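Residue strings, one per chain:
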Amino acid sequence: MTCDCLAPLNTATILNVKIHAVTHAQTLKLIEQFIACRQPHQVVTVNPEFVVAAQTDQEFRYIVNQADLALPDGIGLLKAARFLRTTPLPERVPGSDLVIRLAELSHQKGYRIYFLGAWAGVAEKAIAKLKESYPNMQVAGYYAGSPTMSENEVIIQRILPTHPDILLVAYGAPKQDKWIARNLERLQVSVCIGVGGSFDFIAGTAKRAPRWLQHMGLEWLHRLVMQPWRWRRIWNAVPRFSWLVLKERFGQSIPNS
Ligand code: UDP
């Protein structure tokens, strides 16, 4: 799947999952390169929960490892890369920050963005919020839809005539990434990105952790307090991920969990 329009990127490998060692600024340049090359590209926003899921979901691991761009969306990945002495990851590139930067890029350069996913009404609210800062952002369209097979064709037929340059898919991982992988060739959209709960954060229907907590690597704690029903996902993202990384580093000297 990997496109030959760019030079190979520095890559960290954490528990057999590849993550590209890129900064915010490099990410935006690469996305512009993808648009200029006019071939479809898949971008994934990897966090520790992705890495844990990819240990047992082989289809998901294949998709992440084949993505044209796998962004480091999680402070835990930066720490794990250092601890495992793989290629260092220079900074965190979170999906929701990327959506805002892409809105700005669209405002400046006229790229057309399609917003797919999140519950009904959320994408509209996110678009309205983004337009307050970036009034010339070009919206190709928006639709909540669902990642189920029964809706697949309806969604494709909605997107195709709108000719977006960038398609943001907010169905959460791994559904959004599987949805993109399944439809990438038919859609022929230059940049397709799975963006998780980004529309909710931008619309204000979900609250992100304050910057200082994010910098301390404690965004998970904020999520646990705000959305306690997600404890199983947070368990995977924090203690389980840390345990797997420890086992990877020290190998057989640690007994199985
Ligand atoms: N979602 C959706 N349809 C579905 C499942 C999820 O539109 O069938 C949306 C949900 O509304 C949310 C996003 O997918 O906007 C997933 O958010 P979540 O916080 O779970 O993603 P994360 O950022 O943790 O990957």
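Conventions we followed
Here the residue index of a chain counts from 1 through its sequence in written order. Reporting in this predicted model follows two pLDDT cut-offs: at least 70 for local features of residues, and 80 or more for side-chain atom pairs to be given and counted; totals over whole chains, interfaces and linings ignore these cut-offs and use all residues. The side-chain values count all of the structure's non-hydrogen atoms but skip hydrogen atoms and water molecules. Strands are runs of DSSP state E lasting at least two residues, helices are runs of H or I lasting at least four, and both sets are numbered from the N terminus onward. With C-alpha atoms as the basis for the radius of gyration, the globule rule is written as 2.2 Å multiplied by the number of residues raised to the power 0.38. Buried residues are those whose accessible area, probed at 1.4 Å on protein chains only, stays under 20% of the maximum for their type, while exposed residues exceed 50% and partly exposed ones sit between those limits. The contact criterion used is simple: two residues touch if any of their non-hydrogen atoms lie within 4.5 Å. Computed by Shrake-Rupley with a 1.4 Å probe, the accessible areas treat only the displayed protein chains as cover when residues are assessed. Only four residue types enter the charge count: Lys and Arg as positive, Asp and Glu as negative, with His and the chain ends excluded. Taken as the charge location is NZ of Lys, CZ of Arg, CG of Asp or CD of Glu. We treat two strands as partners when DSSP finds at least two bridges between them. With axes taken as lines fitted to C-alpha atoms, and helix axes fitted only over the stretch in contact, angles between N-to-C directions fall between 0 and 180 degrees. Each angle is binned into one of four classes, with values under 35 degrees roughly parallel, values over 145 roughly antiparallel, values of 65 to 115 roughly perpendicular, and all other values oblique. By definition, any crossing whose near helix is turned counterclockwise from its far helix by less than a right angle is left-handed, and any crossing with a clockwise turn is right-handed. Note that Gly is not counted as nonpolar here; it falls among the polar residues with everything else outside the nonpolar set of Ala, Val, Leu, Ile, Met, Phe, Trp, Tyr, Cys and Pro and the charged set of Asp, Glu, Lys and Arg. Here, proximity means that at least one heavy atom of the residue falls within 4 Å of the molecule or strand. Contacts described as polar in this section are N or O atom pairs within 3.5 Å, which, within protein, must combine one atom able to donate a hydrogen with one able to accept it, while residues neighboring in sequence count only if both atoms come from side chains. In this analysis, a patch consists of residues with relative accessible area above 30% that form no salt bridge, clustered at 9 Å for like charges and at 5 Å for the nonpolar side chains Val, Leu, Ile, Met, Phe, Trp and Tyr. Between Lys or Arg on one side and Asp or Glu on the other, a salt bridge is scored when a side-chain nitrogen of the former is within 4 Å of a carboxyl oxygen of the latter.

Asker: Account for the overall build of the protein, naming residues and giving values.
Answerer: When its secondary structure is counted, the protein shows 12 helices and eight strands. What you see for the protein is a C-alpha radius of gyration of 18 Å, in line with the 18 Å of a compact globule of 257 residues. Viewed in the frame of its principal axes, the protein has a C-alpha envelope of about 55 × 40 × 35 Å. Residues classed as buried in the protein amount to 50% of the 257 residues present. A separation threshold of at least 6 residues defines the contact pool for the protein, and within that pool the share at least 24 residues apart is 74%. Summed over its atoms, the accessible surface of the protein is roughly 12400 Å², and 54% of this surface lies on carbon and sulfur atoms. The distance from the centre of the 29 positive side-chain charges to the centre of the 20 negative ones in the protein is 6 Å.

Asker: With reference to specific residues and values, describe the sheet that holds strand β4 (residues 69-72).
Answerer: Sheets are built from strands that pair by backbone hydrogen bonding, the pairs being arranged parallel or antiparallel. Spatially, the six strands line up as an open sheet ordered β4-β3-β8-β7-β5-β6, and their pairing is parallel. Only two strands of the sheet have a single partner each, and these edge strands are β4 and β6 (138-143). Going from strand to strand, the sheet's axes swing by 20° on average, the running direction of each strand aside. Relative to β6, strand β5 (residues 112-117) runs parallel, the two sharing five bridges. Opposite I113, over in β6, you have V139 as the bridge partner.

Asker: Lay out the packing of helix α3 (residues 58-66) against helix α8 (residues 175-187) with the relevant residues and their values.
Answerer: Packing of α3 against α8 leaves a shortest axis separation of 10 Å and a crossing angle of 65°. Judged on the interaxial angle alone, α8 and α3 are roughly perpendicular. Once α3 is placed against α8, the crossing between them reads as left-handed. On the side of α3, the interface is formed by E59, F60 and I63, while α8 contributes D177, K178 and A181. Of the residues in the contact of α3 with α8, the class split is three nonpolar, no polar and three charged.

Asker: Can you lay out the site of the ligand for me, pointing to particular residues and giving the numbers?
Answerer: Surveying the vicinity of the ligand reveals 15 residues, the closest of which are A118, G197, D200, R230 and R233. Here D200 contributes a side-chain N or O atom positioned 2.4 Å from an oxygen atom of the ligand. Side-chain polar atom of R230 to an oxygen atom of the ligand: 3.0 Å apart, as the coordinates give it. Alone, the ligand offers 550 Å² of accessible surface; in the complex the protein occludes 81% of this.

Asker: Outline α3, supporting the account with residue identities and numerical values.
Answerer: Among all positions in α3, only F60, I63, V64 and N65 are buried. Contact partners of the buried residues in α3: β2 (17-20), β3 (41-46), α2 (48-56), β4 and α8.

Asker: Can you lay out the environment of A80 for me, pointing to particular residues and giving the numbers?
Answerer: As for its position among the elements, A80 is in helix α4 (residues 75-83). Taking relative accessible area as the criterion, A80 reaches 4% and is therefore assigned buried. Between the C-alpha atoms of A80 and N65, which are 15 residues apart in sequence, the distance is 17 Å. Those residues in contact with A80 that sit more than four places away from it in its chain are I14, F241 and V245.

Asker: Give me a nonpolar patch on the surface: which residues, what numbers.
Answerer: On the surface, a nonpolar cluster with roughly 610 Å² of combined accessible area is contributed by L221, L224, V225, M226, W231 and W235. Mapped onto the nonpolar patch, the elements with two or more residues apiece are α11 (219-226) and α12 (231-250). It is α11 that provides the largest number of residues to the nonpolar patch, a total of four residues. Considering the arrangement of structural elements, one finds W231 in helix α12.

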